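Results of the structural survey
Spelled out, the chains give:
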Amino acid sequence: MKETKRLYFDDPYQVEFQAKIVQKEQKNSRTVVVLDQTCFYPESGGQPPDKGTLENKEVIHVYEQEGKIYHVLEDDIAAGRVKGKLDWETRLDHIQQHAGQHILSQSFYKICGGETLSFRLGRTSSTIDLGLNQIPDDRMDRVERLANQIVFQDRKIRTYFMDKDEVQNIPLRKPPPQKGRIRVVEIEGFDYSPCGGTHPRRTGEIGLIKVVNRERVKKNLRVEFLCGGRAREDYAQKNSTLNQLTQLFSVKAPQLISSVEKLFLDLKSQKKRSEKLQKKLVQYEADKIVREAPEKIIQRVFGERGPQELRNLALNIIKKDEFVVLFGLKTPERAHVVLACSENLSLDMRELIPVISPLIQGKGGGRPSLVELAGEEREGLKTALDEAYSFIKKKFPPDSLNQK
Ligand SMILES: [Zn+2]
C-alpha cells in the first residue's frame, strides 16, 4: 500500500482536512486507522504526536510504520471519508520547541563546537544531549544570546526536498538519512538540517529560547530548554515565586540571596544555642528527679515529649551511681520505653526486652546499660513498667537499691 501523504510537509498551519480511510483495524479494544492523507504528525525522533480528532472522535496516539501513519482512536469510526481536526495549541507548542531546537543546536555548534547527539521534546520541557563535557556560564550565555538574536531577526524558514547529489552542496548540520529524497529545513543563512518535522514560516514565531538547566549524563552534557509559550509560563511562575519571596523578606530581588544566607546563619547559631540550653535543662530535670525519687529504681510515665529527649534524661540520671531508670512515653500513636542503668550495677537491661515486648506489642534493642522499645499497645505501658520493676527488684537483695 502507498505511503500516507503528509499534509504538514507543505503546510504546517493547516488544522482541518478531509481524508479517506484506507485501512482500519481493532487493536487492544481500540480503533486504528490509516488515511490516504493526514495533518497529524506521528510520534517520532523523541517528539510526541499531534493531538486532535477524526470525525469528532479523539485521536489518542499517532505513530508511523514504513511510511504509513496510524491514528489510534478510543471509539470506533465508520469507514469511508473522514473530517480531521488538529489541536492547534499542541501543534504550535511543538513547532516552537522543535524549531527552537534547530536554532539552539546550531548556536551550540557555532559557539562551543558541540554537536547535538539527541533531542527529546517532552510534555513540559525539552532536552538536547551535546557531545561536550561542560559549558562555562559565560559561553552558555553567548549561546542563548545568539539563539535569541536569530529569533529577533525573524529569519525565514524554508523546507524543500533534494536528491542525495544535490544535498552535497548544502552545509547540513547532521548527516542525512540513507534512503529516499532528503527534506531540508533551512533557517535562512544560519542552519540547514535534514528534518521531517513541523516548523514555522519565520523564526519570530518561536518566541523566547531559554536554557533552564544542564547536567552531565555519562560523558555528555544534557541541556534542558523552553521556547515560546513554555518560556513565558516558566517566567510567569518564577516571577510570581520571586515576588512572594521578596515580600516575605521585605527586600528587593537582588538582595534576596544575601537575606536567605543571613537567615541560614542566624538559624544555625540559634540551633546551637538551643541545643546548649536543652542540655542544661535536661541536667536540671535529671537532678530534680533524682532528688525527689523515693528509691534508686526510678519508674515514670511521660507524655508530650520526644523519645530522644527521654533518652537524654535517662542518660543524665544513670551518670550518677547505682540508678535504674524505667521510663515510659505515651504518645497518641505509640508507647515508647527507655530502660537504663548506671554502669557500676551488674545489670543487663536487654534481659527486660522479652518481659516488655509482649505487653506493648513492641520491638527494640540496645546495650547492657540502655535499651529502647516502641510498640502500638499503649494501654500495656503501665503493666510493662511494673513488670520491669519487679524483675529488677528480684535481681538485688531486699533494700539494697533503696538507699540513696
Ligand atoms: Zn525540524
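Residues numbered from 1 in each chain as written. Predicted model: local features only at pLDDT ≥ 70, side-chain atom pairs only at ≥ 80, totals over all residues. Heavy atoms only, no water.

Within the protein chain, the regular secondary structure consists of eight helices and 20 strands. For 404 residues, the compact-globule estimate of 2.2 N^0.38 gives 22 Å, and the C-alpha radius of gyration of the protein chain, at 36 Å, exceeds that figure by more than 25%. Principal-axis analysis of the C-alpha atoms places the extent of the protein chain at approximately 105 × 55 × 40 Å. Residues classed as buried in the protein chain amount to 43% of the 404 residues present. Sequence-distant contacts, at least 24 apart, represent 61% of the contacts inside the protein chain between residues at least 6 apart. Carbon and sulfur atoms make up 49% of the accessible area of the protein chain, which amounts to about 23,000 Å² in all. (Helix = DSSP H or I, 4+ residues; strand = E, 2+ residues; numbered from the N terminus. Rg over C-alpha atoms; globule rule 2.2 N^0.38 Å. Buried < 20%, exposed > 50% of the residue type's maximum accessible area, 1.4 Å probe, protein only. Contact = heavy atoms within 4.5 Å. Areas by Shrake-Rupley, 256 points an atom, 1.4 Å probe, with all protein chains shown as cover.)

Note on metal geometry: ideal angles are 109.5 degrees for four donors arranged tetrahedrally and 90 or 180 degrees for six donors arranged octahedrally. Taken together, the protein donors to the zinc ion comprise His98 (NE2), His102 (NE2), Cys195 (SG) and His199 (NE2), at separations of 1.9 to 2.2 Å. Here the donor residues of the zinc ion share one chain and are spaced in sequence as H-x3-H-x92-C-x3-H. Of this pair, His102 sits in helix H2 (residues 88–112) while Cys195 is found in the loop between strand S13 (191–194) and strand S14 (209–217), placing the two residues 93 residues apart along the sequence. For His102, a relative accessible area of 2% gives the class buried. Given a relative accessible area of 14%, Cys195 falls into the buried group. (Donors = N, O, S within 2.8 Å, 3.2 Å for Na, K, Ca; no water.)

With antiparallel pairing, three strands are arranged side by side in an open sheet as S11-S12-S13. A single partner strand is all that each edge strand has here, and the edge strands are strand S11 (157–162) and S13. Each neighbouring strand pair of the sheet contributes to a mean axis angle of 20°, computed without reference to strand direction. With four bridges joining them, strand S12 (residues 182–187) and S13 adopt antiparallel strand pairing. Each bridged residue has a counterpart across the sheet, and for Ile187 the counterpart in S13 is Asp191. Each of S12 and S13 is contacted by H2, which is oriented at about 75° to S12, the strand it contacts most. (Pairing = 2+ DSSP bridges. Axes fitted to C-alpha atoms, helices over the stretch in contact; angles between N-to-C directions.)

Ranked by internal contacts, the top residues of the largest apolar core, which has 30 residues, are Ile103, Leu104, Phe108, Ile135 and Ile209. Residue assignment for this core shows that the elements contributing at least two residues are H2, strand S9 (116–121), strand S10 (126–130), helix H3 (137–152), S12, S14 and strand S15 (220–227). Here Ile103 is in contact with Ala147, Ile150, Val151, Ile187, Phe190, Thr203, Ile206 and Ile209, once residues within four sequence places are set aside. Leu347, Leu385, Ala388 and Ile392 belong to the second largest nonpolar core, which has 22 residues in total. (Core = buried A, V, L, I, M, F, W, Y, C linked by side-chain atoms within 4.5 Å.)

If you check helix H5 (residues 256–292), its first and last C-alpha atoms are 53 Å apart, about what 37 residues at 1.5 Å a residue would give, namely 54 Å. Within H5, burial applies to Leu256, Ser259, Val282, Ala286, Ile289 and Val290. For H5, the elements touching its buried residues are helix H4 (228–249), strand S16 (297–302), helix H6 (307–318) and strand S17 (324–330). (Expected span 1.5 Å × (residues − 1).)

Packing of H2 against H3 brings their axes to within 9 Å, and their N-to-C directions diverge by 135°. The angle between H2 and H3 falls in the class oblique. Considering how the two elements wind past one another, H2 and H3 form a crossing that is right-handed. Residues Ile103, Leu104, Ser107, Phe108, Lys110, Ile111 and Cys112 of H2 lie in contact with H3, whose contacting residues are Arg139, Met140, Arg142, Val143, Leu146, Ala147, Ile150 and Val151. (Parallel < 35°, antiparallel > 145°, perpendicular 65-115°, else oblique. Left-handed = near helix turned anticlockwise from the far one by under 90°.)

Turning our eyes to something else, we now look at the domain arrangement of the protein chain. By domain assignment, the protein chain separates into domain 1 (5–86), domain 2 (92–246) and domain 3 (276–395). Summarising the inter-unit geometry, the C-alpha centres of domain 1 and domain 2 are found 27 Å apart. With 11 residues of domain 1 in contact, the opposing surface of domain 2 contributes 17 residues. In total, domain 1 and domain 2 occlude about 1,200 Å² of area from one another, counting both sides; carbon and sulfur atoms represent 53% of this. (Domains from an automatic or database assignment. Buried area = accessible area lost by both parts, 1.4 Å probe.)

On to a positive patch on the surface, then. Residues Lys268, Lys272, Arg273, Lys276 and Lys280 make up a contiguous surface patch of positive charge. When you line up the elements, Lys272 lands in helix H5. Classification of Lys272 by relative accessible area gives exposed; the value is 64%. (Patch = residues over 30% accessible without salt bridge, like charges linked within 9 Å, V, L, I, M, F, W, Y side chains within 5 Å. Salt bridge = Lys/Arg side-chain N within 4 Å of Asp/Glu carboxyl O. Lys, Arg positive; Asp, Glu negative; His and termini not counted. Charge placed at Lys NZ, Arg CZ, Asp CG, Glu CD.)

Attention now goes to helix H8 (residues 381–395). Given 3.6 residues per helical turn, the α-helix brings residues three or four places apart onto the same face. For H8, built from 15 residues, the straight-helix expectation of 21 Å at 1.5 Å per residue is met to within 8% by its first-to-last C-alpha distance of 22 Å. All buried positions along H8 are accounted for by Leu381, Ala384, Leu385, Ala388 and Ile392. The buried side chains of H8 occupy one side of the element, clustering within an arc of 95° when seen end-on. Elements in contact with the buried residues of H8: S16, S17, strand S18 (335–341) and helix H7 (353–360). (Arc of directions from axis to C-beta.)

Right, let's talk about the pairing of strand S3 (residues 30–35) for a bit. In terms of residue burial, S3 counts as a mostly covered element, since five of its six residues are buried. Both strand S2 (residues 16–27) and S3 contribute to a ladder of six bridges, which runs antiparallel. Directly across from Lys27, in S3, lies its bridge partner Arg30. Hairpin connection of S2 to S3: two residues between the antiparallel strands, including Asn28 at a positive phi of 50°. Note: S3 against strand S7 (residues 68–73), four bridges, orientation antiparallel. Opposite Val33, over in S7, you have His71 as the bridge partner.

Another point: the environment of Phe119. In this structure, Phe119 sits in strand S9. Spatially, the C-alpha atoms of Phe119 and Gln278 are 55 Å apart, while their sequence positions differ by 159 residues.

A word on the state of the cysteines. Applying the stated criterion across every chain yields a total of zero disulfides. No disulfide involves Cys227; its nearest neighbouring cysteine sulfur is the one of Cys195, lying 14 Å away. (Disulfide = S-S within 2.5 Å.)

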